[in-house]
Amino acid sequence: MVTRWCQNVVIFSAQRGQFYRWMLIAISIIFLIGTVLFVSGNSSSSLAERPAMHLPKTSQASQDSMERLTQKCFQLLQQSNYQKMVATCTDAVNAARDVGDRQGETHVLINLTSAYGSMGQYEKAIDQAQAALQLAQTLADRQTETYSLINLANLHRLATHYPAAIEYSHQAQQLAQSLGDRQSEAYALINLASTYGSQQNYDQVIDSSQRSLHLAQALGDQPGETGSLVNLASAYEALQHYETAMHYAKQALDLSQKTGYRRGQALALSNLGYARFGQNQLAEAELALRQAIDIFESLRPTLPDTEKLALFETLIDPYHTLQNVLVAQGKPGEALEIAEQSRARALVDRLAQRGSQTQPTTLATAAAPITLADIQQVARTQQATLVEYALVKPRPQGTRNSADRLYLWVVSPAGQLTFRQVDLTTLDRSLGALVDATQTSLAHSSHHAHGLIHAPAAAKNLASENLKQLYQLLIAPIADLLPTNPNSHVIFVPQGSLFLVPFAALQAPDGSYLIEHHTLRTTPSIQVLRLIHQQHQPSRPIQQALVIGNPTRDLPAAEQEAKAIARLFKTTPLLRQQAHKASVVEQMPQADLIHIAAHAAPNPVNDTYGGLIVLADPTTGFSNLTSQDILSLPLRAQLVVLSGCSTGVSDLITSDGVLGLARALMTAGVPSVVMSLWRVHDAPTANLMQAFYQHWQPTGSAPPSFWPVLLPLGL
């Protein structure tokens, strides 16, 4: 699996003479094949008192201001308040420049690197780390140069720039060695092992990890020693040398237990469980994996949302492995519980927190892992067929990055559970690659025609072929378990790349679309579905609709779309420059229905992760309504329709689902969101949306079952 977590070196310095006194090294180490993460604590050996500088009074005042800002950066890091840390560190950089303290500027740039990296904004973090490196080199500050090189190595690896990551790791290791900085040399080697692990170069992983282990042991650096041991265990697991892997995993467990390092214990137990699984010691593997999960669950409540998302990705492995262990023991119901426990937990916590503010249910109770009995009750309450997918490697052989089996759980409206599996090894490409190819072919056909129905023959045939293949993999194995009434609800719970599957457009062998046979929904997890249902008010007539169209003045059909829809709901649309951010944000909380026909960017743009909608602005011409903006709004809308290109797509897909606009809207209180999975044309989208509302009735949170009427307009 590809993890998303910043490995960073953070240096706090108020002024040049206090560099070592205020230095904190916080390095997060991830090894991709073993999904390893640990963070070192403060190293007393790296702290040294230096005499304070004596400056003129005017300079001293500016220096004091920079010192206060830098201290604030430190406090914000401790609080994991990365958004505010970016603003504060930026002010500190400017203050350092004002007083001409270039070394102080270098140190604050490294702080800024940490803030961006911790939020997953790797390209911005790379820019700051590169600036810090250049300043350190200009000042001949070799120690800070070392830290900057380690940062750059980490960030380039996380951005999948592996050659650059290896080069920077080598430079950091060589420079640290020349300085006699053995601790930095050890961490440079650990990070080098991480990059080699990403490339499945296990011999190099073992070599780098052995060298870092010897250095850490000589220094008495127990976090570094633990990380090296876990890396070694992970490498030997990938090579199927399970006895050797268990040897290193047990050492890591013993050491982390002695030091009380909980995350280290969780990682070591995960490695131990995986190795026992490889030896077919299923009961022992289950015990170790459950212990690893229990430790992680005890850590989660104290983390903020951003860190929770990132940390969960690094510790997701025991959840995936335990599903396989339970299935191998004939326990599919328990495997479904673990599959649910591994999904959308950050979103569950946010929804639970929101619900606890208005309902008597306690936060801990609402956020507790869902049980099989709970899942069955959800199916009964919703009167829906629940279909949950998991992409797995059922045997621990080779790299864990690829899936060769698809697990499918189906829960009927009566609560009956059925479990099935699909072998993916016969595919000529991975399931993720097939999903990508399907999206590409659909976008291509849409680009050349008004929808799939009217696409050129070649484009239509390619798209149809991919849609039929996905149907055979995802639907055919469970087709006999799905309802025959097209008005009956089927709710899909995807995983990973399956979130980008256009389930409605999947084609049966006879060429019919899945939406013609079932009323479909998707959800990040069954627990999210339950929480939204519990918190959502009963359906009510639409008294106030907010309709927005063509804020950027380049979507004429979107403007006509907004006018037509506004007439249906007897409201005045916000068009062109009227659709500015202040007005939209003011009206969204009062709306029962929100329809936005505008450009959207579902991927990171302008420092915003999770997507944005482009609105008007009276000064600059346009402004962005971001996911962060939406999260701060208490919304009551029963339905939000984002009528634009790829509004449901994102490169940021984690165990929490698609980190995009839909997640923000659900967190803000919206039970149903209609979005697109590929680029769409202005005019046919307008026709489709008008037809949608002519049939739609707010009788529940599910989409209507009249989609066959809309098929001639194009999917």
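Small disclaimer: the values here were computed from a predicted structure and weren't measured. Counting starts from 1 at the beginning of each chain's written sequence and moves along it residue by residue. Per-residue local features of the predicted model are confined to residues with pLDDT of at least 70, and side-chain atom pairs are confined, for both listing and counting, to 80 or more; whole-chain, interface and lining totals are unaffected and use all residues. Processing note: side-chain calculations cover all non-hydrogen atoms of the structure and skip hydrogens and water entirely.

**Student:** I would appreciate a short explanation of the overall build of the protein chain in the present structure.
**Tutor:** What the protein chain contains, in helices and strands, is 27 helices and 17 strands. Split into buried and exposed, the 715 residues of the protein chain put 60% on the buried side. We call two residues contacting when some pair of their heavy atoms lies within 4.5 Å. In the protein chain, once contacts between residues fewer than 6 apart in sequence are set aside, the share between residues at least 24 apart is 70%. Only the protein chains shown count as cover for residues, with accessible areas throughout obtained via the Shrake-Rupley method and a probe of 1.4 Å. Counting every atom, the protein chain has about 27200 Å² of accessible surface; 50% of that belongs to carbon and sulfur. Helix and strand assignments come from DSSP, with helices taken as H or I runs of at least 4 residues and strands as E runs of at least 2, each series counted from the N terminus. Only protein chains enter the accessibility calculation, which uses a 1.4 Å probe; a residue is then buried when its area is under 20% of its type maximum, exposed when over 50%, and partly exposed in between.

**Student:** Help me understand the environment of valine 584 in this model?
**Tutor:** Structurally, the position occupied by valine 584 is in helix H23 (residues 581-587). Among the residues examined, valine 584 registers a relative accessible area of 0% and is labelled buried. With sequence-adjacent residues up to four places away left out, valine 584 is seen in contact with Leu546, Ile548, Leu574, Ala579, Leu615 and Leu625.

**Student:** Would you explain the nonpolar core in this entry?
**Tutor:** When a protein is soluble and globular, its nonpolar side chains tend to lie buried together. Residue types Ala, Val, Leu, Ile, Met, Phe, Trp, Tyr and Cys, when buried and joined through side-chain atoms within 4.5 Å, form a set referred to as a nonpolar core. One finds Leu322, Val325, Ile375, Leu386, Trp409 and Ile526 to be the most contacted residues of the largest nonpolar core, which totals 62 residues. Core analysis: the next-biggest nonpolar cluster, separate from the first, contains 38 residues, Ile475, Phe492, Ala505 and Trp678 among them.

**Student:** Looking at this structure, how should I read the sheet that holds strand E10 (residues 593-597)?
**Tutor:** The strands making up a sheet associate through hydrogen bonds between their backbones, and the pairing can be parallel or antiparallel. Only strands joined by at least two bridges in the DSSP assignment are considered to pair. Ordered in space as E9-E8-E10-E14-E17, the five strands form an open sheet in which the pairing is parallel. With partners counted over all chains shown, the strands left at the sheet margins are strand E9 (574-575) and strand E17 (672-674), one partner each. For strand E14 (residues 639-643) and E17, the ladder comprises three bridges, and the chain directions are parallel. From the neighbouring strand, leucine 639 faces E17, where its bridge partner is serine 672. Against the sheet, helix H22 (residues 556-568) makes contact with strand E8 (545-549), E9, E10 and E14, and its axis sits at roughly 160° relative to E8, the strand it touches most. Fitted lines through C-alpha atoms serve as axes, helices being fitted only where they are in contact, and the angles separating the N-to-C directions of these axes extend from 0 to 180 degrees.

**Student:** How do you make sense of the pairing of strand E5 (residues 417-423) when you look at a structure like this?
**Tutor:** One ladder, built from seven bridges, connects strand E4 (residues 405-411) with E5; its direction is antiparallel. Paired with valine 410 across the bridge in E5 is threonine 418. Following E4, the chain reverses through five residues before pairing antiparallel with E5; glycine 415 in that reversal takes a positive phi of roughly 95°.

**Student:** Explanation requested: the sheet that holds strand E3 (residues 384-392) in the structure shown.
**Tutor:** Strands sit in the order E5-E4-E3-E6-E7 across an open sheet of five strands; the sheet is mixed. In the strand order of this sheet, the two ends are held by E5 and strand E7 (519-522), each with one partner. Neighbour-to-neighbour, the strand axes of this sheet turn through a mean angle of 20°, independent of strand direction. In this sheet, E4 lies alongside E3 in antiparallel orientation, the contact comprising seven bridges. Its bridge partner being in E4, leucine 386 is matched across the sheet by valine 411. Where helix H14 (residues 317-328) meets the sheet, it contacts E3, E4 and E5, and its direction lies at approximately 70° from that of E4. On top of the sheet, helix H21 (residues 526-535) reaches E3, strand E6 (489-493) and E7; it is set at about 145° to E3, its chief contact.

**Student:** For this particular structure, what's the right way to read the environment of alanine 87?
**Tutor:** Position of alanine 87 relative to the elements: it lies in helix H2 (residues 82-98). Along the sequence, alanine 87 and cysteine 73 sit 14 residues apart, while their C-alpha atoms lie 9.2 Å from each other.

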